[in-house]
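Understanding the architecture of this molecule
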Amino acid sequence: MEQGSGKIDEKKKLVICISGMAGSGKSTVAKRLAKYYGLKYFSGGDALKAVAAEMGFKTTGEGWWETPEGVRFLQQRLDNLEIDKKVDEKLLEWADQGGVVLDSWAMPWLLKKGFKIWLDASEETRAKRLAERDGLDPEEALEVLRDKETKTKEIYSRLYGFNLGEDYEPFQLILDVNLLSKDEVYEALKLVIDKMVKKVNGNR
């Protein structure tokens, strides 16, 4: 059984933050790592979807962010940066408690502790994954991806001043996932976490 089989001590203090552009596989591997190490999983995207639902948006479906409703909510986030700020403040509270895996774009820059991982995938790779997941034409998926990322980058640039997908300063590990399967990414991160995370969490 995978759950709880991780060998890292002091799990209550452990903070792992996984980031990467849409389609890089960050949510999938973050959930698996949280289960393996017996940690809580928190997603910035899920938290934002919860806010969207409270605002009256229909948020069902795995590829919701790329739907017209998701795009409309993204525009509302651009018009009201307080939406993202409040979500990020909540994620920081959860991170401060320790024992978490965070799936977030903003947290690597806002957190002062933890082990921060960037999953690097080309635009073509990510658009292909999006097309397969949501049944889109590859060119349509690429267009949707570019539009979403342009607006998302603007949000974080205006809020915090960092360039998402271009600034890698906060990360202890950058993993090129273009040629790796989901299982290979998961196994690679487990190897690194087992060897490095205790030191990082103790010194930041």
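Below is a summary of the structure that appears in this document. (Residues numbered from 1 in each chain as written. Predicted model: local features only at pLDDT ≥ 70, side-chain atom pairs only at ≥ 80, totals over all residues. Heavy atoms only, no water.)

**Description of the sheet that holds strand S3 (residues 100-103)**
As a reminder of what qualifies: When DSSP finds two or more bridges between a pair of strands, those strands are recorded as paired. Note on conventions: DSSP H or I runs of at least 4 residues are helices, E runs of at least 2 residues are strands, and numbering of each starts at the N terminus. In this description, a line fitted to the C-alpha atoms serves as the axis of each element, helices being fitted only across the stretch in contact, and the angle between N-to-C directions of two axes falls anywhere from 0 to 180 degrees.
With parallel pairing, five strands are arranged side by side in an open sheet as S2-S3-S1-S4-S5. A strand with exactly one partner marks an edge of an open sheet, and here the two such strands are strand S2 (40-43) and strand S5 (173-176). Looking at each pair of strands side by side, their axes are set apart by 20 degrees on average, direction ignored. Across four bridges, the pairing between strand S1 (residues 15-19) and S3 is parallel. Within S3, the residue paired with Ile16 across the bridge is Val101.

**Some details on the pattern of salt bridges**
As a reminder, the rule being used: A side-chain nitrogen of Lys or Arg and a carboxyl oxygen of Asp or Glu constitute a salt bridge if their distance falls within 4 Å. With a 1.4 Å probe rolled over the protein chains alone, any residue whose accessible area is under 20% of its type maximum counts as buried; one over 50% counts as exposed, and the rest are partly exposed.
Here the structure, examined in full by the defined rule, presents 14 salt bridges. Between Arg133 and Glu66 there is a salt bridge, with the nearest N and O atoms lying 2.7 Å from each other. Here Glu66 lies in the loop between helix H2 (44-54) and helix H3 (68-79) and Arg133 lies in helix H6 (residues 123-134), a separation of 67 residues in the sequence. According to the relative accessible area criterion, Arg133 is partly exposed, its value standing at 38%.

**Some words on the packing of helix H4 (residues 82-97) against helix H7 (residues 138-160)**
The following threshold applies: Any angle that is under 35 degrees is reported as roughly parallel, and any over 145 degrees as roughly antiparallel; angles of 65 to 115 degrees are reported as roughly perpendicular and all others as oblique. In this analysis, two residues are considered to be in contact whenever any of their non-hydrogen atoms come within 4.5 Å of each other. Following the grouping adopted for this structure description, the nonpolar residues are Ala, Val, Leu, Ile, Met, Phe, Trp, Tyr, Cys and Pro, the charged ones are Asp, Glu, Lys and Arg, and the polar ones are all others, Gly among them.
At a minimum axis distance of 10 Å, the contact between H4 and H7 shows a crossing angle of 75 degrees. By the angle between their directions, the pair H4 and H7 is classed as roughly perpendicular. For the pair H4 and H7, contact is made by Asp84, Lys85 and Asp88 and by Ile155, Tyr156, Leu159 and Tyr160, respectively. Along the lines of polarity and charge, the residues of the contact of H4 with H7 split into four nonpolar, no polar and three charged.

**Here we look at empty space enclosed by the protein**
Put simply, the rule is: Buriedness of a pocket was judged along seven lines, with at least five required to meet protein on both sides within 12 Å; pockets are open sets of points on a 1 Å grid over the protein atoms alone, cavities are sets where a 1.4 Å probe fits but cannot get out, and lining residues have an atom within 4 Å of a point. Grid points are joined across faces, edges and corners, and a volume is the space filled by probe spheres set on the points.
Going through the model one piece at a time under the given rule, you end up with one cavity of 30 Å³ or more. In this structure, the largest cavity spans a volume of roughly 30 Å³. Surrounding the largest cavity, Trp65, Glu66, Val71, Leu74, Val144, Asp147 and Lys148 form its lining. If you list the elements that add at least two residues to the lining of the largest cavity, you get H3 and H7. It is H7 that provides the largest number of residues to the lining of the largest cavity, a total of three residues. For the lining of the largest cavity, the class distribution of residues is four nonpolar, no polar and three charged.

**Concerning the pairing of strand S4 (residues 115-120)**
Here S4 lies mainly inside the structure; five of its six residues are buried. Two elements, S1 and S4, share four bridges in a ladder whose sense is parallel. Residue Ile18 lies in a different strand from S4, and its bridge partner there is Ile117. Of the strand pairs in this sheet, S4 and S5 are connected by four bridges, and their pairing is parallel. Among the inter-strand pairings, Trp118 is bridged to a residue of S5, identified as Ile174.

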